[in-house]
Every structure is written in C-alpha cells, then in structure tokens.
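Listed below, chain by chain, are the residues.
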Amino acid sequence: LREYVHGRRPKRRLGLADDTVPADGARVFSWSQVLSVALGEDRPTRQPASDFTVERALEDYWKYREAKSPALSVAIDRAKATAHIGKKLLVRPVCQLTTGELERWRNSLVPTTEDLDRQRRAKSTADRVARVLFAALTYAYRTRHEDVPSADAWRAVQPFRNVDLPRTRFLSLEQAKRLLAALPPDFRELARGALYSGLRLGE
C-alpha cells in the first residue's frame, strides 16, 4: 500500500495475496479483504514507520556472530562494514529500504576505471561487502519480524556476474625457499605443510 500523506509517500507491505494460499484476513488477503484494510481508518500507513535502523541491525548481527563465529572472521566483516557502509545508509529504517537504493549503494563501491581487471576486483569486493550487510538484514528479518516485515528489498539485488576468478599466481621454488627462511620456526612448519600439500589453511 502506498499513499500520499503530509507531503510524503509512505509505503507498507500488507501481506500476501491469496493466489496460492487461502486468505485468513491477517497475513493472507483476498481482494475484498485487502481493500478493507487499505481504505480503513487504521490502515498501515497511518502508523509511524519502525525506527529499527540498519545500524541497529548490524549491532544485533555482530552480537549473534560473536557467539558462533571465529573472532577473526567477525573482525574482518566488521572492518568491511565500517569502511564501506556510510552514515546515510546506517540511519535508514530497515523497513524503508528499497532494492534500487541498495543496488546504488553497492554499485557506488566500484570506481570508474578503464582497467577491466581492477574493475572486476572492485566488483568482487563490493559483492562481498554487500553480502555482509544483507546477512545482517536477513538476521533482522528472521528475529525481528515486527520491525522488518519483508526481506524482498535485498533479496532482489543481483550480484555482479563473472567477477570471482581463482587466483592463478603461484610461488616459484626460489620464492618458496625465501619465504620459509624468513618465517619463525613454528610458523615455518605450518607454511611448509601448506606448500607441500597445497591445502588451504582451514583444511
């Protein structure tokens, strides 16, 4: 439902249409039911929008992550969010976010350049930052449904295509020897195992 109220155009999601699920008048509406809700005195746009902001969603998400994820992983994602999510977006109520707004923010993280490889890397980074934000918003949707009634806005944002390429640079034998010689003994053994086996650190 969107209407013109005091110079603004507030919009609220009323519920689901009864195309595939029977109407219950609360979460799923028939046409007559939705007209009654939309035109009634207590219609949803008369209610003030939730003040649950993106910043608060992120705060909740970090607490959730700290209880279940390695500290380094959380620190890296927090640093990404701090560096790339500006104040303008942080103060926005989550329920008012739009797909276009989120796409413009994500796209603004990619600099204009003629260097196609640099642009590809920037797009890959922008997608990773966006995934952190969208994970926080999805957590808010899952845990605070009264403040975040829909996840459609960020779920509709499509990632950039063909930007995540595997790294193809490998150390030469001489470089590997120099690396091992420069490391302290305990870490040298870990690096030696990685070089011999080709395993990732987690493996």
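Residues numbered from 1 in each chain as written. Predicted model: local features only at pLDDT ≥ 70, side-chain atom pairs only at ≥ 80, totals over all residues. Heavy atoms only, no water.

Let's shift gears to the overall build of the chain. Secondary structure assignment for the chain yields 9 helices and 2 strands. Each helix (α) and strand (β) of the chain, taken in turn from the N terminus, gives the series β-β-α-α-α-α-α-α-α-α-α. Within the chain, the fraction of its 203 residues that count as buried is 32%. Looking at the chain alone, contacts between residues at least 24 apart form 58% of all its contacts between residues at least 6 apart. Here the chain has roughly 14200 Å² of accessible surface; of this, 53% comes from carbon and sulfur atoms. (Helix = DSSP H or I, 4+ residues; strand = E, 2+ residues; numbered from the N terminus. Buried < 20%, exposed > 50% of the residue type's maximum accessible area, 1.4 Å probe, protein only. Contact = heavy atoms within 4.5 Å. Areas by Shrake-Rupley, 256 points an atom, 1.4 Å probe, with all protein chains shown as cover.)

Turning our attention to unusual backbone geometry. The phi dihedral of Asn162 falls on the positive side, at around 55°, and the residue is not glycine. In this fold, Asn162 is placed in the loop between α7 (152–155) and α8 (173–182).

Between the first and last C-alpha of helix α9 (residues 185–197) there are 18 Å, a value that for 13 residues agrees with the 18 Å anticipated at 1.5 Å per step. Positive backbone phi, approximately 75°, marks Gly198, located one or two places after α9. (Expected span 1.5 Å × (residues − 1).)

The biggest cluster of nonpolar side chains holds 29 residues, and the ones touching the most others in it are Val94, Leu102, Leu133, Phe134, Leu137 and Trp154. Those elements giving two or more residues to this core turn out to be α2 (54–68), α3 (71–84), α4 (87–90), α5 (99–108), α6 (116–143) and α7. Residues contacting Leu137, with those up to four places away along its chain left out, are Val54, Ala57, Val94, Leu97 and Trp154. (Core = buried A, V, L, I, M, F, W, Y, C linked by side-chain atoms within 4.5 Å.)

One can find Ser30 in the loop between β2 (28–29) and α1 (31–39). Once residues within four sequence positions are removed from consideration, Ser30 is found in contact with Asp18 and Ala23.

A complete count under the given rule lists 12 salt bridges for this structure. Across the salt bridge formed by Asp77 and Arg65, the nearest N and O atoms sit 2.9 Å from each other. Remark: Arg65 occurs in helix α2 and Asp77 occurs in helix α3; sequence separation between them is 12 residues. We note that Asp77, like Arg65, is buried. Residue Asp127 pairs with Arg106 through a salt bridge whose shortest N-O separation is 3.1 Å. A residue pair is termed long-range when its members are at least 10 positions apart, and Asp127 in helix α6 and Arg106 in helix α5 qualify at 21 residues. Residue classification places Arg106 among the buried residues on the basis of a relative accessible area of 5%. (Salt bridge = Lys/Arg side-chain N within 4 Å of Asp/Glu carboxyl O.)

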